[in-house]
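Coordinate inspection notes
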Amino acid sequence: MSGPPTRSTERLRLEAISKRFGATIALAEAGFEVRAGEIHALLGENGAGKTTLMNVLSGLYHADAGRIWLDGRPAEIAEPRDAIRHRIGMVHQHFELIPPLTALENVIIGQEGSTLLLRRERQARGVAALAARFGFEVDLRAPVAALGLADQQKVEILKAIFRGVDILILDEPTTVLTPQEADALLRTLRTMASEGLSVVFISHKIHEVLGHCDRATVMRAGRSVGTVDASATTEQALVEMMIGERVARTAAPAEREVDDTVLLRVDDVTVAGRGGLPAVSHARFSIGRGEVVGLAGVDGNGQRELVEAIVGLRRVTGGRVELGGRNVTTTAVGDRLAQGLAYIPEDRLGDGALPSMSVAENLFLGVHRLARGGGLTYRPAAIRAGAAAPVRDYAIRGTATTPLGMLSGGNIQKVLIARALAVAGHGDTPLVVAHNPTRGLDVRTTEFVRRCLVDVSRRRGGVFLVSSDLDELMQLAHRILVLFRGAIVADLPSTAFDAYEIGRLMTGAAARA
Amino acid sequence: MSASAVVTLLLDPELWRLMLTMAAPLVLAGLGELVMERSGVLNVGVEGMMAVAAAVAFLTMLKTGTLLGAAAAAMAATLGLAVVLGYFAITLRSAQLTVGLCLFVFGTGLASLLYRLVIGVTTATPTVQTLPRLAVPGLAEVPFLGTVVFTQNALVYLALALVPVLAFLLVETSLGLRLRAAGENPRALDTVGVNVRALRYGAVAVGGLLIGLAGAYLPLAVTGAYSDGIVGGRGWIALMVVIFGRWQPGWALVGAILFAYTEALQFKLALVTKAVPPQVLLMLPYVVAIVVLVRLYQGAEPPRALGLPYERESRL
Ligand SMILES: Nc1ncnc2c1ncn2[C@@H]1O[C@H](COP(=O)(O)OP(=O)(O)OP(=O)(O)O)[C@@H](O)[C@H]1O
Ligand SMILES: [Mg+2]
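Residues numbered from 1 in each chain as written. Chains lettered and ligands numbered in written order. Predicted model: local features only at pLDDT ≥ 70, side-chain atom pairs only at ≥ 80, totals over all residues. Heavy atoms only, no water.

**What about the overall build of chain B?**
The cut-off we apply is this: Think of it this way: any DSSP run of H or I at least four residues long counts as a helix, any run of E at least two long counts as a strand, and we number them from the N terminus. Only C-alpha atoms enter the radius of gyration; for comparison, a globular chain is expected to reach 2.2 Å times N to the power 0.38, where N is the number of residues. Under the scheme applied here, a residue whose accessible area is under 20% of the maximum for its type counts as buried, over 50% as exposed, and between as partly exposed, the area being computed with a 1.4 Å probe on protein chains only. Contacts are residue-level and defined by heavy atoms, with any inter-residue pair within 4.5 Å sufficient. The protein chains shown are the only cover counted for residues, whose accessible areas, like all others here, come from Shrake-Rupley with a 1.4 Å probe. When charges are counted, neither His nor the chain ends are considered; positive counts come from Lys and Arg and negative counts from Asp and Glu. The atom standing in for a charge is NZ when the residue is Lys, CZ when it is Arg, CG when it is Asp and CD when it is Glu.
Within chain B, the secondary structure is distributed over 13 helices and 2 strands. Here the C-alpha radius of gyration of chain B, 20 Å, is about what a compact globule of 316 residues would show, namely 20 Å. Buried positions account for 52% of the 316 residues belonging to chain B. At a minimum sequence separation of 6, the contacts of chain B that also span at least 24 residues come to 77%. Carbon and sulfur atoms provide 72% of the accessible area of chain B, an area that totals close to 13,500 Å². One finds the centroid of the 19 positive side-chain charges in chain B at a distance of 2 Å from the centroid of its 14 negative side-chain charges.

**Section: the pattern of salt bridges**
Residue and element names in this part refer to chain A. The cut-off we apply is this: For this analysis, a salt bridge means a side-chain nitrogen from Lys or Arg found within 4 Å of a carboxyl oxygen belonging to Asp or Glu.
Summed over all chains, the structure comprises 43 salt bridges over all chains. Ionic pairing is found between Glu346 and Arg439, a salt bridge with its closest N-O pair at 3.2 Å. Taken together, the residues Glu346 in the loop between β17 (341-344) and α11 (348-352) and Arg439 in the loop between β18 (431-435) and α16 (443-458) connect sequence positions 93 residues apart. Taking relative accessible area as the criterion, Glu346 reaches 8% and is therefore assigned buried.

**Focus: the site of ligand 1**
Spelled out, the test is: Residues are counted as near a molecule or strand when any one of their heavy atoms sits within 4 Å of it. Any N or O atom pair separated by 3.5 Å or less is treated as a polar contact, with the protein-specific requirement of one donor-capable and one acceptor-capable atom, and with residues adjacent in sequence counted only for side-chain atom pairs. Under the scheme applied here, ten amino acids are nonpolar (Ala, Val, Leu, Ile, Met, Phe, Trp, Tyr, Cys and Pro), four are charged (Asp, Glu, Lys and Arg), and all others, including Gly, are polar.
In the region of ligand 1, 23 residues are neighbours, and Thr51(A), Thr52(A), Met406(A), Gly410(A) and Glu313(B) sit closest. Between Thr52(A) and ligand 1, the recorded distance is 2.5 Å, taken from a side-chain N or O atom to an oxygen atom. Take His204(A): an N or O atom from its side chain is 3.1 Å from an oxygen atom of ligand 1. For ligand 1, the accessible surface in isolation is 630 Å², of which the surrounding protein chains cover 97%. With 3 residues, the top contributor of residues to the shell around ligand 1 is helix α1 (residues 50-57) of chain A. Here the shell around ligand 1 is composed, by residue class, of 6 nonpolar, 11 polar and 6 charged.

**Let's talk about helix α4 (residues 67-91) of chain B**
Residues and elements named next belong to chain B. So the rule is basically this: Expected helix span is computed as 1.5 Å times (number of residues minus one).
Between the first and last C-alpha of α4 there are 35 Å, a value that for 25 residues agrees with the 36 Å anticipated at 1.5 Å per step. Taken residue by residue, α4 has Ala70, Ala71, Ala74, Thr78, Leu81, Ala82, Leu85, Gly86, Ala89 and Ile90 as its buried positions. In the segment just after α4, Arg93 is the residue with positive phi, at about 55°.

**Considerations on the coordination of the magnesium ion (ligand 2)**
Residue and element names in this part refer to chain A. In plain terms, the rule: The rule for donors is simple: N, O or S, within 2.8 Å of the metal, or within 3.2 Å if the metal is Na, K or Ca. Water isn't counted, so a site may look like it is missing partners.
Every protein donor of the magnesium ion (ligand 2) is listed here as Thr51 (OG1) and Gln93 (OE1), and their distances to the metal cover 1.9 to 2.1 Å. With Thr51 in helix α1 and Gln93 in the loop between β7 (88-91) and α3 (103-108), this pair connects stretches of sequence that are 42 residues apart. The class of Gln93 is buried, set by a relative accessible area of 17%.

**Side note on the sheet that holds strand β12 (residues 262-272) of chain A**
Residue and element names in this part refer to chain A. Defined as follows: Whether two strands pair depends on DSSP finding at least two bridges between them.
Strands sit in the order β13-β12-β15-β16 across an open sheet of 4 strands; the sheet is antiparallel. If you trace the sheet from one side to the other, it starts and ends with β13 (278-288) and β16 (326-327), each paired once. One ladder, built from 2 bridges, connects strand β15 (residues 318-323) with β16; its direction is antiparallel. Paired with Leu323 across the two strands is Arg326, which belongs to β16.

**Comments concerning the packing of helix α2 (residues 13-38) of chain B against helix α12 (residues 249-272) of chain B**
All names here are of chain B. Keep this limit in mind: Angles here are taken between N-to-C directions and fall from 0 to 180 degrees, while the axes themselves are lines fitted to C-alpha atoms, restricted in helices to the stretch in contact. Orientation categories follow fixed angle ranges, with anything under 35 degrees roughly parallel, anything over 145 roughly antiparallel, 65 to 115 roughly perpendicular, and all other angles oblique. Each crossing gets its handedness from the near helix: less than a right angle anticlockwise from the far helix is left-handed, clockwise is right-handed.
Put simply, α2 and α12 touch, their axes get as near as 7 Å, and they point 140° apart. Here α12 runs oblique to α2, going by the angle between their axes. Every pair of crossing elements has a handedness; the one defined by α2 and α12 is right-handed. For the contact of α2 with α12, the class distribution of residues is 22 nonpolar, no polar and 3 charged.

**As for the pairing of strand β14 (residues 292-296) of chain A**
Residues and elements named next belong to chain A. Of all the 5 residues making up β14, 5 are buried; the element is thus mostly covered by neighbouring parts of the structure. Covered by surrounding structure in β14 are Val292, Gly294 and Ala296 together with Val293 and Leu295, the residues of both alternating faces. Bridge count for β14 against strand β19 (residues 462-466) is 4 bridges, and the pairing is parallel. Residue pairing for β19: Val293 is matched across the bridge by Phe464. Here β14 runs beside strand β20 (residues 479-484); their pairing, made up of 4 bridges, is parallel. Bridge pairing links Ala296 to Val482 in β20.

**Looking at the domain arrangement of chain A**
Residue and element names in this part refer to chain A. Our working definition: Marked domain ranges trace back to an automatic or database domain assignment. A quick way to say it: buried area is the sum, across both parts, of accessible area lost when two parts are put together, with a 1.4 Å probe.
In terms of domain boundaries, chain A breaks down into domain 1 (10-243) and domain 2 (261-506). On a C-alpha basis, the centroid separation for the pair domain 1 and domain 2 is 29 Å. Each side of the interface is counted separately: domain 1 has 23 residues, and domain 2 has 19 residues. Interface of domain 1 and domain 2: buried area, both sides summed, is about 1,800 Å²; carbon and sulfur atoms make up 53% of it. The three residues of domain 1 that bury the most area against domain 2 are Asn46, His94 and Leu149, which together make up 29% of that side's buried surface. Across the contact surface, domain 1 and domain 2 share 1 salt bridge. The salt bridge involving Glu45 is made with Arg444; its shortest N-O contact spans 2.8 Å.

**Some words on the nonpolar core**
What counts, and what does not: Put simply, a nonpolar core is a bunch of buried Ala, Val, Leu, Ile, Met, Phe, Trp, Tyr and Cys residues held in one set by side-chain atoms that sit within 4.5 Å of each other.
Residues Leu14(A), Leu53(A), Met54(A), Leu57(A), Leu168(A), Leu189(A) and Leu189(B) are the most contacted members of the largest nonpolar core, which totals 92 residues. Looking at this core, the element that brings in the most residues is helix α5 (residues 149-162) of chain A, giving 7 residues. The contact partners of Met54(A), leaving out residues within four places of it in the chain, are Leu14(A), Phe32(A), Leu42(A), Met90(A), Ile169(A), Val200(A) and Ile202(A). With 77 residues, the next largest nonpolar core counts Ala54(B), Ala74(B), Val204(B) and Leu220(B) among its residues.

**With respect to the interface of chain B and chain A**
Counting residues at the interface gives 26 residues for chain B, matched by 38 residues for chain A. Between chain B and chain A, the buried area comes to about 2,700 Å², and carbon and sulfur atoms account for 57% of it. Summed over the shared surface of chain B and chain A, the number is 5 salt bridges. A salt bridge links Arg120(A) to Glu172(B); the nearest nitrogen and oxygen atoms lie 3.1 Å apart. Counting the contacts that link chain B with chain A gives 11 residue pairs in polar contact (both at pLDDT 80 or more). Looking at the side of chain B that touches chain A, the elements with two or more residues in it are α7 (154-172), α8 (174-184) and α9 (186-191) of chain B. The element that contributes the greatest number of residues to the side of chain B that touches chain A is α8(B), accounting for 6 residues.

**Structural notes on the side chain of Arg234(B)**
Relative to the helices and strands, Arg234(B) is located in helix α11 (residues 234-244). Residue contacts for Arg234(B): discarding those within four places in its chain leaves Met22(B), Pro25(B), Leu26(B), Glu47(B), Met50(B), Leu218(B) and Glu263(B).

**Some points on the packing of aromatic side chains**
Just so we agree on the cut-off: The aromatic pairing rule takes the rings of Phe, Tyr and Trp, using the six-membered ring of Trp, and pairs them if the centres are within 6.5 Å, calling planes under 30 degrees apart stacked, those over 60 edge-to-face and the rest tilted. Only when the NZ atom of a Lys or the CZ atom of an Arg is both within 6 Å of the ring centre and within 35 degrees of the ring normal do we say a charge sits over the ring.
In this structure the tally under the stated criterion is 9 aromatic pairs over all chains. Members of the aromatic cluster, each reached through a chain of ring pairs, are Trp16(B), Phe144(B) and Tyr261(B). Cation over ring: Arg13(A) sits above Trp69(A), and NZ or CZ is 5.4 Å from the ring centre.

**Section: the sheet that holds strand β11 (residues 223-229) of chain A**
All names here are of chain A. Sheet architecture is open: 6 strands sit in the order β7-β8-β9-β4-β10-β11, paired in mixed fashion. The sheet is open, and its two borders are formed by β7 and β11, each paired with just one other strand. Within the sheet, the average angular offset between the axes of one strand and its neighbour, ignoring direction, is 20°. As defined by bridge partners, β7 adjoins strand β8 (residues 167-171) across 4 bridges and the pair is classed as parallel.

**Notes on the side chain of Lys159(A)**
Looking at the element boundaries, Lys159(A) is found in helix α5. A residue is classified by how much of its surface remains accessible, and Lys159(A), at 5% relative accessible area, is buried. Sequence-distant contacts of Lys159(A), that is, excluding residues within four places in its chain, are made with Glu96(A), Leu97(A), Asn106(A), Val107(A), Thr191(B) and Val192(B).

Okay, structure coming up:
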């Protein structure tokens, strides 16, 4: 081959890749082909095998069978090192970052520029330039642990690109980005693709695929079911390829019955943040029975702190929190849960899961208090039996006894959501606090979870929905609060929902009179 | 005792010098353990490794009379033990706590067996000459500090020098960055193409060498003789020193000095007061260890992957 790669030259071909984990067949002769300069989407339901296939390509997993071709030649990729040598970079779905190290250190590790001394300053310039190119504003000196998920995502992307790549794999990179950030990322990828970069882009957001990708390969249950041109397909067609059936849209939330019973009252709540500045300042709102209240805001404006203060994971430095009329400002998490508060955390692997314990045991956590009938012991058989319904209803790809960590990313989330919603079913103050609950879920499960949240409100429970997905908020919420730099700057009734206006408020523009 | 007598006692330069002398093995073993733990490998067998090193160092010294040879032999022995630990912990992915405890029991037994095999049972305990003190010209005359710091044996200077060296290595070098990463999230390191296994083996080997030197120190620099129980819990205290130091060399030094001070104080007190039974005084370092640790362990964050074997395809 000679000359610069043109759009139609094949850059990468995966051929009949198979992989099993114990009894689970993750990949059954899956494969597809990517051209030079192409943005190629990889679609499929949770557990379809997208991540596994890309892990094989990046050398992290060893395939049982199959072949990889690069630029028409067979390539041996047995180790991540081999993939890096072939200029293949991967942005992992669950970030592979080292929390106590700074963003800069995370980006340059393995490629520090000199064998002995870390030349942080010199490297920082290069990384900052790279970040600027992507329009990423990340504090490179901050430890990754102190960054929000969106910033961590950016660090992860920078890390992959910093190594120099011809093929860039992005495993659900936009789930934690705001729509603006996702757009900016996709535009940058397009520029880079026009310079010859090949991109494999995994996403559950079909509009991103239709709007920004050249072609899409759909996977189902470990197989590739086909590749289509993005310009020649529709959302419906893609969804049908993924799951083989049509998905009904979520019904709009029920007309709210007028009911003045307040489930949650947040009164003048202030939460301390880093460096002396409050992370949440004087937040004040309430959620009534049957009400879905949304919280919009650019990631990192205090959402996590506010949510954790409500749930009891973070100390409130001023004001009070009431659940069903009871002051719970200093009450332990367990007591709040017993009252019916349910929490779907944003960082599900970090805050919500025990990866080495089974699906059933994870489902049982938190509910255990409510499920104990007297004695000191739990019966394992009962725990397993209790998992049957959620595994079925949420279409969790795995069994009650599978260790949670072995599930695909989306399936882990289903387990945690199932658990949270089960808690809300028990107490007398049913309130679900959900932080980005549909992030990373496939189309079908997203609809299912949204319907579950609407059901909570129909059954006269309350929902506090914190989401970076504005469409989701506008679809489900009765009211939307906008959070900017820790302060609630607007409280909009559904008649005032307007994506553009909310977007303006999120970035600090004053509310229109 | 009057208050001023107590103050004089507590600030006695001789006491402080003894403190540094006793701190050195804790520093050496603590730094060794710290390097291992930073890479993600937990070694609770320090006590046993030090015992083997003490026996080997003493016997080699007795037979050959060369200090360097004795130290080298001891370090070679613990290097061997460390590689065994590494093989179980890194390659076979065994439970590190169990392997470490086995190493402790095995090492303690092996040390006393070696001594018995070479020396047999005798009435007169053989002794060797201990490491001479080296006064640093000029600095040794500085009041207080001169006596305390600058009239020590060579290994004390080495131990003290290693602290900033290691701190620098961890923070300012590529190798240090990778080492920290291996202990926090080995998969992240793996995905950027760094060989986690080799790095961990390297850390375990370096740790083994330092622990060996710490063990050799006891007969070569302190007692001049070997007896079973010569390590006397210092291996365990080295583990605590790492926790006390929150996995930072500088703070580990502070921890080592704190424990060594109570140890030295106990010697002194035994000389000046008859009111307290010596057994109670002997307990002192351990009481301090417990109190300090319970206070400090809260909120101390060990490397996240400490004690966890790394397996590329496992997601648990
Ligand atoms: N390391 C592993 N150990 C055991 N099972 C695994 C492992 N990795 C993947 N699997 C299994 O392989 C299947 C495919 O998982 P994969 O993560 O590739 O799905 P995915 O398409 O990326 O889904 P999602 O959209 O939820 O991220 C799942 O059933 C999962 O449980
Ligand atoms: Mg995935």
